[in-house]
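As a plain string of letters, each chain reads:
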Number of protein chains: 2
Amino acid sequence: MLVRGVKEMKDTTFAISETIAVLLAEKKYRSLRDILTTMRAADIAIMFDGISETKLPLLFRLLPKELAAETFVEMESDSQELLIRSFSDAELKAVVSELFVDDAVAIVEEMPANVVKRILLQADPEMRKMINEILNYPDESAGSVMTTEYVTLRPQMTVEAAIKRIRRTGTDKETIYTCYVTNDARVLIGYVSLKSLILAEEDERIEDIMGTDIISVKTFDDQEDVAAVFLKYDLSALPVVDNEGRIVGIVTVDDAIDILEEEATEDIEKMAAITPSDKPYMKMSALEICKSRFPWLLLLMVSATFTGMIITSFEHALAAQVALAAFIPMLMDSAGNTGSQASATVIRALSLGELVFTDLVKVVWKEIRIAVYCGLALAVACFAKVLVIDMWILQIENVTATVALVVSVTLALTILCAKIIGSAMPLLAKKVGFDPAVMSAPLITTIADAISLMIYFRIATAVLHI
Amino acid sequence: MLVRGVKEMKDTTFAISETIAVLLAEKKYRSLRDILTTMRAADIAIMFDGISETKLPLLFRLLPKELAAETFVEMESDSQELLIRSFSDAELKAVVSELFVDDAVAIVEEMPANVVKRILLQADPEMRKMINEILNYPDESAGSVMTTEYVTLRPQMTVEAAIKRIRRTGTDKETIYTCYVTNDARVLIGYVSLKSLILAEEDERIEDIMGTDIISVKTFDDQEDVAAVFLKYDLSALPVVDNEGRIVGIVTVDDAIDILEEEATEDIEKMAAITPSDKPYMKMSALEICKSRFPWLLLLMVSATFTGMIITSFEHALAAQVALAAFIPMLMDSAGNTGSQASATVIRALSLGELVFTDLVKVVWKEIRIAVYCGLALAVACFAKVLVIDMWILQIENVTATVALVVSVTLALTILCAKIIGSAMPLLAKKVGFDPAVMSAPLITTIADAISLMIYFRIATAVLHI
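Just so it is clear, the structure is predicted and the values come from calculations on it, not from any experiment. Each chain carries its own residue numbering, running from 1 in the written order of its sequence. Labels are handed out in written order, letters beginning with A for the chains and numbers beginning with 1 for the ligands. The predicted nature of this model means local features are confined to residues of pLDDT at least 70 and side-chain atom pairs, given and counted, to a pLDDT of 80 or more, with totals for whole chains, interfaces and linings taken over all residues. Excluding hydrogens and water, the side-chain figures rest on all heavy atoms present in the structure.

**Student:** Residue-level account of the overall build of chain A, with values.
**Tutor:** The helix and strand labels rest on DSSP assignments: H or I over at least four residues marks a helix, E over at least two residues marks a strand, and numbering proceeds from the N terminus. Each helix and strand counted, chain A has 22 helices and six strands in total. Relative to a compact globule of 466 residues, whose C-alpha radius of gyration would be 23 Å, chain A shows 30 Å and is clearly more extended. Taken along the three principal axes of its C-alpha coordinates, chain A extends 90 × 65 × 45 Å. Taking the contacts inside chain A whose residues are at least 6 apart along the sequence as the reference set, 67% of them involve residues at least 24 apart. Taken as a whole, chain A presents about 19,500 Å² of accessible surface, with 58% of it coming from carbon and sulfur. Taking the average location of the 43 positive side-chain charges in chain A and that of its 65 negative ones, the two points are 2 Å from each other. Taken over C-alpha atoms, the radius of gyration is set against a globule rule of 2.2 Å times the number of residues to the power 0.38. In what follows, residue pairs with any heavy atoms lying within 4.5 Å of each other are defined as contacts. Surface accessibility in these figures is a Shrake-Rupley result with a 1.4 Å probe; residues are shielded only by whichever protein chains are displayed. Charge counting follows a simple rule: Lys and Arg are positive, Asp and Glu are negative, and His as well as the terminal groups are ignored. Lysine's charge is taken at NZ, arginine's at CZ, aspartate's at CG and glutamate's at CD.

Below is the structure:
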């Protein structure tokens, strides 16, 4: 018996991998096999990903057939490739035949062409057909993440016949907990949960107990929309239909969870000016990471030229009043921070489907009110801070109450502008078909900085007569 | 029949709410009821949340009992409160008796004390006991998100007896797809999926077909860990056990999805210097949003004082070479951006469980290599940019090749420092028990800014002899 809490679980994985290293060195294969069969595929995969290339094929061959396939699915793609290259054709066939179609597709998508060819050659004809069908859908579409292994029932069947059919065909299906009812033209006309089948009488007809309020997605719908449907309706599986309403596949809840996590990670990366990648951080080389970060840094560096130009054009003011320079970092940081607050909130609300473009006016109006509260409070705090800290405690030369006033008024106006830009730009980006997450912190910061400095120097030159 | 793609779905909700407004005005209650019963609870809830306070109780009473409870669960808490206040005791009892325990708990947690008292009064004694039990667990613990409605089986039962038991007791259970096997002391000793029950022979014994590689969490484990387990093992439900290994509840996958979304939103908010809130953006007042944003803006504004002090202490250098000021925004922005890239990556990897504290050295070493690649490339680009754009095209006064060199070298060193700080601080925060997400963009930016300016002026004064 293995009852494990989360914390112990992590420790166990570490402890076991040491035991396994020792047993492997001593060639105690029977004990190794016994240990591995008590473990979950996900844990074995984590351990295997950390094992040396020479030992991996040997250990993998110790796994029973079904566990081997489950483990294979969970492994990183470079370990998968290594294994496939070490497999004989018969071994490859054994693993491929145990895979679910959507897992096979996910693996094929990551492999180089010659490996893909070998996999497809070893897959049985029906599997090959299904893999190719799914591969034809565009990346990140519902069709590309669905599986074609689901249970279909007919409306005239009795509950007894349906359960018999499930018992006969269910083993290889990704889920049997929701079955789909189709008519003669393969059009989806209803669904039955296994729960309702179990709770119904044996002689009831499927058409009398099936649900007809079908929620489905089209093959070309975006995977983000697919995940949003799961989030909204708490489904365990979601049928994918073609333009004629015929069912062509299903997406299961475990895939929906992966999509949600992937999309959240993508959003976070884009919001931090990083080109998203499928690979986990520790698996990427420094050069690969550099490639996903450098273009944004370059773009933002060049666009900061405009901010520099603003300072240059007010050089005479700065020369006359060098004390003004001391407040540039605070104004720029506040502009950036307040703008990112607004953009992060709006981008997340867009991702969760809480906002649509038509809310633009409502959102901007809300941000204006927020800016008034925050801006006034912050301006007062700033005024007090400059008087107390900069003038009284630090006694910085040339900082006067007038300078404090200029800085505080600039701050309030900056916050107003940054909140409007930060909230409006993601919505506008979405409207014209860009990813709203790109309109976030770094880009908003650059724009807000420029505006902030412009306001600062205009007010300063006017008020201080420089 | 209602086959709906995602896009049509949204339109339908809008269109139907207009129809309903008209029918309501014409008092066509029978047609209203017919329309509502074809809709999904989640859609009705969205529509109800937008309906006027006076009409809501009327419309709600048109729903059949079960759909009414399902819809109630999906509604916003202010609409729920409004409805409860309009309910007679009998109506409240009818709704409460249809609720799952975990949903009842979620509702109770949002209500004011007098409403809670009414709900508990109308719940039957067993339900009341279960609600109180779950309410006793700390916020965001596994115990607080679990439900106590699951199917338990005994090891000696036959498959036939087990299915009979499920048929008898399954209606009110949150899930029947995974059943839990306990011994006489209520200790969890195994699990059986409904799939394996359906595929097994009727006379097989539960102990022979049950799985014993149980994955479970403890009642006081954090909900984030609970969600991580779902992500890793693709479960449909996860048992929650006490310190003696006795099962006290289960968490279902739909709740795990909600936790994952909640945690991702929290991370994004913290990374944008916002105090997280459970309420959706559009439901929060401007003042509430202001309260979640203002403290961070104030903190960051005050901490920018240090950056200002650095500029002040090099005031003589700035006065001698005002051209240096033009590059302050570019250096500050690059420092902030490159630091946030590192911190966002590390924070996300921590959330997904891809990183632990002991990876600190590996991570920092990786970021140093990234910084060398990115820093050198960006420094070269910056040098070229200053020469071509600032000197040649814009002809900014006093910008020389030496200035370009100072700026470029500063940029490279800044990137190195920002990457190290950005990657190390979230890991250190996690180690000492803070939320790593707090160590993100805004705070890292403030620190990176200060370091960047320090490097800039030190190099500038040394090289330019000012």
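Here the narrative resumes.
**Student:** Describe empty space enclosed by the protein, naming the residues involved and giving the relevant values.
**Tutor:** The way it works is a 1 Å grid over only the protein atoms, where trapped points that fit a 1.4 Å probe form a cavity and open points with protein on both sides within 12 Å along at least five of seven lines form a pocket, and then any residue with an atom within 4 Å of a point lines it. Grid points are joined across faces, edges and corners, and a volume is the space filled by probe spheres set on the points. Per the counting criterion, the structure on display carries nine cavities of 30 Å³ or more. What the largest cavity holds in volume is close to 410 Å³. Contributing to the lining of the largest cavity are 30 residues, with A:S340, A:A441, A:P442, B:S340 and B:A441 lying nearest its centre. Secondary-structure elements contributing two or more residues to the lining of the largest cavity are α16 (253-271), α19 (328-351) and α22 (441-464) of chain A together with α16 (253-271), α19 (328-351) and α22 (441-464) of chain B. In this count, Pro and Cys sit with the nonpolar residues alongside Ala, Val, Leu, Ile, Met, Phe, Trp and Tyr, while Asp, Glu, Lys and Arg are called charged and the others, Gly among them, polar. Residues of the lining of the largest cavity, tallied by class, amount to 14 nonpolar, twelve polar and four charged. Listed by contribution, the elements that provide at least two residues to the lining of the second largest cavity are α15 (223-233), α16 and α19 of chain B.

**Student:** I'd like a description of the nonpolar core, backed by residues and values.
**Tutor:** Side-chain atoms within 4.5 Å link the members of a nonpolar core, which is a set of buried Ala, Val, Leu, Ile, Met, Phe, Trp, Tyr and Cys residues. Type-normalised accessible area, obtained with a 1.4 Å probe on protein chains alone, sets the label of each residue: buried when under 20%, exposed when over 50%, and partly exposed for intermediate values. A:L36, A:F48, A:F60, B:L36, B:F48 and B:F60 are the most contacted members of the largest nonpolar core, which totals 130 residues. When sequence neighbours within four positions are dropped, the list of residues in contact with B:L36 reads B:I20, B:I44, B:M47, B:F48, B:L59, B:L62, B:L63 and B:L67. One finds A:C290, A:A317, A:V386 and A:A450 within the second-largest nonpolar core, a separate group that totals 108 residues.

**Student:** Quick rundown of the environment of B:I347? Include the residues and the values.
**Tutor:** Residues and elements named next belong to chain B. Its place among the elements puts I347 in helix α19. The buried category is assigned to I347, whose relative accessible area is 1%. For the pair I347 and Q321, spaced 26 residues apart in sequence, the C-alpha to C-alpha distance is 40 Å.

**Student:** Give a description of the layout of surface pockets that names residues and reports values.
**Tutor:** Computed from the structure, the second largest pocket encloses a volume of approximately 440 Å³. At the level of secondary structure, the elements contributing two or more residues to the lining of the second largest pocket comprise α12 (159-169) and α13 (194-199) of chain A together with α12 (159-169) and α13 (194-199) of chain B. Here the lining of the second largest pocket is built from residues that sort into ten nonpolar, no polar and nine charged.

**Student:** Explain the sheet that holds strand β4 (residues 217-218) of chain A residue by residue, including any values.
**Tutor:** Residues and elements named next belong to chain A. With mixed pairing, the three strands of this open sheet are ordered in space as β4-β5-β6. Strand pairing shows two members of the sheet lacking a second neighbour, β4 and β6 (247-252), which therefore form its edges. Here, any two strands with at least 2 DSSP bridges between them count as paired. Here β4 pairs with strand β5 (residues 237-241) via two bridges, running parallel. In the strand pairing of β5, K218 is matched with V241.

**Student:** Could you give an account of the relation of the copies chain A and chain B, with specific residues and numbers?
**Tutor:** Relating one copy of the chain to the other requires a rotation about an axis plus a shift along that axis. Taken as rigid bodies, chain A and chain B are interconverted by a rotation of 180° and an axial shift of 0.1 Å, the fit giving an RMSD of 0.2 Å. The superposition operator between the copies reduces to a two-fold rotation axis. Of all interface residues in chain A, 100% are interface residues in chain B too; the two copies therefore contact each other through one and the same surface. Residues below a pLDDT of 70 in either copy are left out; the C-alpha atoms of the rest, at least 70 in both, set the least-squares superposition of the copies.

**Student:** Before we move on, could you go through the sheet that holds strand β5 (residues 237-241) of chain B and cite the residues and values that matter?
**Tutor:** Taken in spatial order, the three strands of this open sheet run β4-β5-β6 (chain B), and their pairing is mixed. The outermost strands of the open sheet, each flanked by one partner alone, are β4 (217-218) and β6 (247-252) of chain B.

**Student:** Provide a residue-level description of the pattern of salt bridges, including the pertinent values.
**Tutor:** Basic side-chain nitrogens of Lys or Arg form a salt bridge, by our definition, when they fall within 4 Å of a carboxyl oxygen of Asp or Glu. Applying the stated criterion across every chain yields a total of 32 salt bridges over all chains. Taking the shortest distance from any N to any O, the salt bridge between A:R154 and A:D184 comes out at 2.3 Å. Placement of A:R154 in the loop between β1 (152-153) and α12 and of A:D184 in the loop between β2 (178-182) and β3 (188-193) is noted, with a sequence separation of 30 residues between them. With a closest N to O distance of 2.2 Å, B:D435 and B:K270 form a salt bridge. Separated by 165 residues along the polypeptide, B:D435 in the loop between α21 (401-431) and α22 and B:K270 in helix α16 bring together distant segments of the chain. Note on B:K270: relative accessible area 18%, which makes it buried. Taken together, the shared-partner salt bridges in this structure form one network comprising A:D242, A:E244 and A:R246.

**Student:** Break down the pairing of β2(A) for me, with residues and values.
**Tutor:** Residues and elements named next belong to chain A. Counting buried positions along β2 gives five out of five residues, so the element sits mostly inside the fold. Going residue by residue along β2, you find T178, Y180 and T182 tucked away on one face and C179 and V181 tucked away on the opposite face as well. As paired elements, β1 and β2 share two bridges and run parallel to each other. Counterpart to L153 in the pairing with β2 is V181. Look down the strands so they point away from you; if the path from the first strand over the helix to the second goes clockwise, the crossover is right-handed. Handedness of the β1-α12-β2 crossover: right-handed. Counting the residues in the hairpin turn of β2 and β3 gives five residues, including R186, whose phi is positive at 65°.

**Student:** Help me get a handle on helix α20 (residues 360-393) of chain A, residues and values and all.
**Tutor:** At A:K385, α20(A) shows its strongest bend, of approximately 30°. Among the residues trailing α20(A), A:Q395 stands out with phi positive, at a value near 50°. A residue's bend is given by the angle between axes fitted to the 7 residues ending at it and the 7 residues starting at it.

**Student:** Summarise the packing of α19(B) against α22(B); cite the residues concerned and give the values.
**Tutor:** Residues and elements named next belong to chain B. Axis angles are defined between N-to-C directions and span 0 to 180 degrees, where every axis is a line fitted to C-alpha atoms and, for a helix, only to the segment in contact. Axis separation between α19 and α22 bottoms out at 8 Å; the angle between their running directions is 135°. As summarised for this structure, α19 and α22 are arranged oblique, according to the angle between their axes. Our pair here, α19 against α22, has a crossing hand that is right-handed. Across from I328, L331, M332, A335, G336, G339, S340 and S343 in α19, the residues of α22 making contact are A441, I444, T445, A448, D449, S452, L453, Y456 and F457. Residue classes in the contact of α19 with α22 are distributed as ten nonpolar, six polar and one charged. Roughly parallel means an angle under 35 degrees; roughly antiparallel means over 145; roughly perpendicular covers 65 to 115; every other angle is labelled oblique. Left-handed describes a crossing whose near helix is turned anticlockwise from the far helix by less than a right angle; the clockwise case is right-handed.

**Student:** Lay out the interface of chain A and chain B with the relevant residues and their values.
**Tutor:** It is common to give the size of an interface as the accessible area that goes away when the parts come together. Across the boundary between the two partners, chain A contributes 134 residues, which contact 134 residues of chain B. Among the residues of chain A in contact with chain B, A:R40, A:Y281 and A:M301 are the three that bury the most area, contributing 6% of the side total. The definition of a polar contact used here is a pair of N or O atoms within 3.5 Å, where within protein one atom must be able to donate a hydrogen and the other to accept one, and adjacent residues in sequence count solely through side-chain atom pairs. Put simply, chain A and chain B have 39 residue pairs in polar contact (both at pLDDT 80 or more) between them. Residue contributions to the side of chain A that touches chain B peak at 18 residues, all from helix α17 (residues 286-313) of chain A. Its residues placed into classes, the side of chain A that touches chain B shows 79 nonpolar, 21 polar and 34 charged. Accessible area that two parts lose when put together, evaluated with a 1.4 Å probe and summed over both, is termed the buried area.

Interpretation in functional terms is not warranted from these geometric data alone.
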